[in-house]
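Now for the letters of each chain:
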There are 2 protein chains.
Amino acid sequence: MTHMPVAERRSRLLAAAFAVIARTGVSGATTRAIVEEAGMKLASFHYAFESREELMAELVNEVVETQEVVLEVATAADGSLVGTLEQGLLRYFDQVRQDPRRERAMFELTQYAMRSPAMEGFAARQYERYRRLAVQSLDEAATRTGHRWARPLDELAADLVALTDGITLAWLADGDDGRARRTIAFAARAIAAEASPGPERPATTAGTTRTTTRTIRTTRTIGTRGGAA
Amino acid sequence: MTHMPVAERRSRLLAAAFAVIARTGVSGATTRAIVEEAGMKLASFHYAFESREELMAELVNEVVETQEVVLEVATAADGSLVGTLEQGLLRYFDQVRQDPRRERAMFELTQYAMRSPAMEGFAARQYERYRRLAVQSLDEAATRTGHRWARPLDELAADLVALTDGITLAWLADGDDGRARRTIAFAARAIAAEASPGPERPATTAGTTRTTTRTIRTTRTIGTRGGAA
DNA sequence: ACGCAACTGGGACATCTGACCCACTTCTGA
DNA sequence: TCAGAAGTGGGTCAGATGTCCCAGTTGCGT
């Protein structure tokens with residue numbers, strides 16, 4: 001392996017580790033498997049990281065902060081809130097379908113962190129981030145379609161996260177697309193029911209189906225190596 | 001260790017394995033850790049099981065079939081459907097709170113099975129079982145409160161399972177009781193919204209708050225050793 | 001009581017894994 | 001240019017882990 005600054009080496013190892021985890025699970029992410037994935041020698045691992053645990057901690061942090069969670073909100077054709085929410089959820093679902101192993105890896109990392117005393121709080125932060133993203137999407141969806149959330153957005157965000165988690169988990173288990181889509185429709189209905197037609201209709205040209213894509217973070221250092229199944 | 005028929009030994013080892021997994025995760029469930037938990041010697045392990053993998057497969061099957069999932073349906077004080085559903089969910093949540101490690105172990109086992117080619121289909125069966133239980137609860141709740149589900153019960157069951165999964169996962173991550181309860185209230189509302197006041201009012205003495213407890217399966221061979229946290 | 005089959009105990013072995021070491025090579029700054 | 005720092009490679013080590021073996025012991029049917 002050619003020369004390379006430590007920082008670069010570290011991030012390559014992190015990416016490799018994520019790829020290995022996606023493929024074989026956390027337990028399969030041995031130092032040897034990771035360096036092989038990265039095309040390095042074992043010694044380089046311990047040159048870049050103090051220990052495997054240090055890498056795992058770093059990975060877990062990286063993942064929390066930089067893992068791209070695309071939450072796209074696109075106004076539905078009919079401009080309804082339900083439709084808008086459903087569209088958004090369907091897009092999220094497409095992402096999951098496109099690369100299930102990434103999702104699995106995320107779940108595993110979360111569980112791994114929950115067990116490691118050193119990474120206590122990681123899981124909580126992870127969910128907080130999910131909620132923050134959900135808040136933004138919900139906010140946008142309501143504004144876009146001229147609605148008003150009847151409950152604190154923070155609470156609704158938690159509800160939405162619970163739904164997406166449940167949908168994802170079930171789909172990972174049985175791979176039933178139809179069922180997932182039906183549950184998504186239900187989820188959209190359920191969330192939309194928590195809004196009331198509000199006074200804050202935005203200045204939008206009626207009839208125009210505007211499609212704004214919101215990507216919260218574009219950094220994508222992790223997980224780009226593991227292609228779709 | 002005293003003499004003991006193989007069958008007994010096997011089930012003790014399975015219980016021990018579940019306890020270890022609950023405490024330290026699947027990766028910590030080494031043959032040595034398991035036999036220590038069971039108070040046996042290592043050789044007894046391979047006398048009872050061909051290999052660790054055989055035990056894991058057996059465990060996974062046992063768990064699918066016998067793990068007690070208590071789904072209690074109690075008519076709410078006000079006899080409303082929402083209240084009834086919320087009560088049921090709160091009871092489920094209490095169970096999770098009482099022994100979070102069991103829930104974590106279940107999630108881990110599911111993920112483990114999803115990765116093992118030999119146990120393919122286990123996860124799907126697991127979710128099918130969850131759905132079956134949900135169907136029964138929903139059916140009962142509707143009958144009890146004189147409602148009618150507006151969609152196929154099977155679909156609603158999937159929605160309910162997704163919600164409980166999401167709620168459980170989030171709570172395991174952040175341990176926020178209040179949030180969990182708020183999401184439960186939302187879940188109850190969302191599910192109840194899928195019913196319409198139906199014609200099949202049961203013959204119940206009005207005003208009497210009957211509390212029927214339905215336990216689907218009482219066998220509880222697994223997981224009894226790991227006490228609450 | 002007694003013989004045989006069921007069962008147990010302790011140790012052994014090959015492999016895997018995280019960590020480490022040290023001689024060697026490559027780069028960089030004076 | 002050239003010394004020292006940064007980085008690399010291959011081998012090694014101790015501990016953990018799954019599996020196996022075999023001499024001993026226990027219990028049951030006769």
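Above this text is the structure in question.
Residues numbered from 1 in each chain as written. Chains lettered and ligands numbered in written order. Predicted model: local features only at pLDDT ≥ 70, side-chain atom pairs only at ≥ 80, totals over all residues. Heavy atoms only, no water.

Draft legend 1. Representation of the overall build of chain A within the structure. Secondary structure summary: chain A contains nine helices and two strands in total. In sequence order, chain A lays out its α and β elements as α-α-α-α-α-α-α-β-α-α-β. A burial count over chain A gives 52% of its 229 residues as buried. By element, 49% of the accessible surface of chain A is carried by carbon and sulfur atoms, the whole surface being about 10,300 Å². (Helix = DSSP H or I, 4+ residues; strand = E, 2+ residues; numbered from the N terminus. Buried < 20%, exposed > 50% of the residue type's maximum accessible area, 1.4 Å probe, protein only. Areas by Shrake-Rupley, 256 points an atom, 1.4 Å probe, with all protein chains shown as cover.)

Draft legend 2. Quick look at the pattern of salt bridges. The full count for this structure, using the stated rule, is 34 salt bridges over all chains. Between Glu8(A) and Arg12(A) there is a salt bridge, and its shortest N-O distance comes to 2.7 Å. Residue Glu8(A) and its partner Arg12(A) are both found in helix α1 (residues 6–24); the two are separated by four residues, about one turn of the helix. In this structure, Glu108(A) and Arg115(B) form a salt bridge, with 2.5 Å as the shortest nitrogen-oxygen distance. Of this pair, Glu108(A) sits in helix α6 (residues 100–115) while Arg115(B) sits in helix α6 (residues 100–115), each in a different chain. (Salt bridge = Lys/Arg side-chain N within 4 Å of Asp/Glu carboxyl O.)

Draft legend 3. The arrangement of the relation of the copies chain B and chain A in detail. At an RMSD of 0.1 Å, chain B and chain A line up after a rotation of 180° and a shift of 0.0 Å along the axis. Classification of the inter-copy transformation places it as that of a two-fold axis. The fraction of interface residues of chain B whose copies in chain A are also interface residues reaches 100%, indicating that both copies meet through the same surface. (Least-squares fit on C-alpha atoms with pLDDT ≥ 70 in both. Contact = heavy atoms within 4.5 Å.)

Draft legend 4. Representation of the packing of aromatic side chains in the model. Under the criterion given, the structure shown has six aromatic pairs over all chains. Look at Tyr127(A) and Tyr130(A): their rings are 5.4 Å apart centre to centre, the planes differ by 80°, and that puts the pair in the edge-to-face class. One end of the pair, Tyr127(A), and the other, Tyr130(A), are both in helix α7 (residues 122–145), three residues apart, so they sit about a helical turn from each other. Residue classification places Tyr127(A) among the buried residues on the basis of a relative accessible area of 5%. Summarising the aromatic geometry, the rings of Phe93(B) and Trp171(B) are spaced 5.7 Å apart at their centres and angled 90° between planes, so their arrangement reads as edge-to-face. One end of the pair, Phe93(B), is in helix α5 (residues 81–98); the other, Trp171(B), is in helix α8 (residues 153–174), and 78 residues separate them in sequence. With respect to burial, Phe93(B) and Trp171(B) carry one shared label: buried. (Phe/Tyr/Trp six-rings, centres within 6.5 Å; stacked < 30°, edge-to-face > 60°.)

Draft legend 5. Molecular detail of the layout of surface pockets. A volume near 490 Å³ is recorded for the second largest pocket. Lining the second largest pocket are 20 residues, with Val26(A), Ser27(A), Glu108(A), Ser27(B) and Glu108(B) positioned closest to its centre. At the level of elements, α6 of chain A together with α6 of chain B are the ones that each hand at least two residues to the lining of the second largest pocket. Residue composition of the lining of the second largest pocket, grouped by class: four nonpolar, 10 polar and six charged. (1 Å grid on protein atoms, 1.4 Å probe; cavity = no way out; pocket = protein on both sides within 12 Å on 5 of 7 lines; lining within 4 Å. Points joined across faces, edges and corners; volume = space filled by probe spheres on them. Nonpolar A, V, L, I, M, F, W, Y, C, P; charged D, E, K, R; others polar.)

Draft legend 6. The arrangement of the packing of helix α5 (residues 81–98) of chain A against α6(A) in detail. Residues and elements named next belong to chain A. Packing of α5 against α6 brings their axes to within 5 Å, and their N-to-C directions diverge by 95°. With respect to their mutual orientation, α5 and α6 come out roughly perpendicular. Mapping the contact onto sequence places Tyr-92, Gln-95, Val-96, Arg-97 and Gln-98 in α5 and Pro-100, Arg-102 and Glu-103 in α6. Tallied by class, the residues present in the contact of α5 with α6 amount to three nonpolar, two polar and three charged. (Axes fitted to C-alpha atoms, helices over the stretch in contact; angles between N-to-C directions. Parallel < 35°, antiparallel > 145°, perpendicular 65-115°, else oblique.)

Draft legend 7. Main features of the nonpolar core. Judged by nonpolar contacts, the single largest core of 133 residues is most densely connected at Leu13(A) and Leu13(B). Once you skip the residues sitting within four places of it in the chain, Leu13(B) turns out to touch Ile34(B), Val35(B), Ala38(B), Met40(B), Ser44(B), Phe45(B), Ala48(B), Phe49(B) and Leu55(B). (Core = buried A, V, L, I, M, F, W, Y, C linked by side-chain atoms within 4.5 Å.)

Draft legend 8. Geometry of the interface of chain B and chain A. Contacts between the two partners involve 38 residues from chain B and, on the opposite side, 38 residues from chain A. Overall, the association of chain B and chain A removes approximately 3,200 Å² of surface from exposure, summing both partners, and the carbon and sulfur fraction of that is 57%. For the chain B face of the interface with chain A, the top three residues by lost area are Gln111(B), Arg115(B) and Phe186(B), together amounting to 21%. Joining chain B to chain A, the criterion identifies 10 salt bridges. Between Arg179(A) and Asp154(B) there is a salt bridge; the shortest N-O distance is 3.6 Å. One can count 11 residue pairs in polar contact (both at pLDDT 80 or more) joining chain B with chain A. At the level of secondary structure, the elements contributing two or more residues to the side of chain B that touches chain A comprise α1 (6–24), α6, α7 (122–145), α8 and α9 (177–192) of chain B. (Buried area = accessible area lost by both parts, 1.4 Å probe. Polar contact = N/O pair within 3.5 Å; in protein donor to acceptor, adjacent residues only side chain to side chain.)

Draft legend 9. Inspection of the environment of Tyr127(B) at higher detail. For the pair Tyr127(B) and Val161(B), spaced 34 residues apart in the sequence, the C-alpha separation amounts to 8.2 Å. If near-sequence neighbours (up to four positions away) are discounted, Tyr127(B) is found in contact with Leu169(A), Ala170(A), Ala173(A), Thr110(B), Val161(B) and Asp165(B).

Draft legend 10. Helix α4 (residues 52–66) of chain A, seen in detail. All names here are of chain A. The end-to-end C-alpha separation of α4 is 20 Å, in line with the 21 Å expected for 15 residues at 1.5 Å each. Those residues of α4 that sit buried are Leu-55, Met-56, Leu-59, Val-60, Val-63, Val-64 and Thr-66. For α4, the secondary structure elements touched by its buried residues are α1, α2 (31–38), α3 (42–48), α6 and α7. (Expected span 1.5 Å × (residues − 1).)

Draft legend 11. Region of interest: the environment of Ile191(A). As for its position among the elements, Ile191(A) is in helix α9 (residues 177–192). Exposure remark for Ile191(A): the relative accessible area of 1% places this residue in the buried category. In this structure the C-alpha to C-alpha distance between Ile191(A) and Leu160(A), which are 31 residues apart in sequence, comes to 7.2 Å. Not counting residues up to four positions away in its chain, the partners in contact with Ile191(A) are Leu85(A), Leu138(A), Trp149(A), Leu156(A), Asp159(A), Leu160(A), Leu163(A) and Phe186(B).

Draft legend 12. Broad picture of the side chain of Thr31(A). All names here are of chain A. Secondary-structure assignment places Thr-31 in helix α2. Classification of Thr-31 by relative accessible area gives buried; the value is 14%. If near-sequence neighbours (up to four positions away) are discounted, Thr-31 is found in contact with Leu-42, Phe-45 and Arg-52.

So yeah, pure geometry; function would need other evidence.
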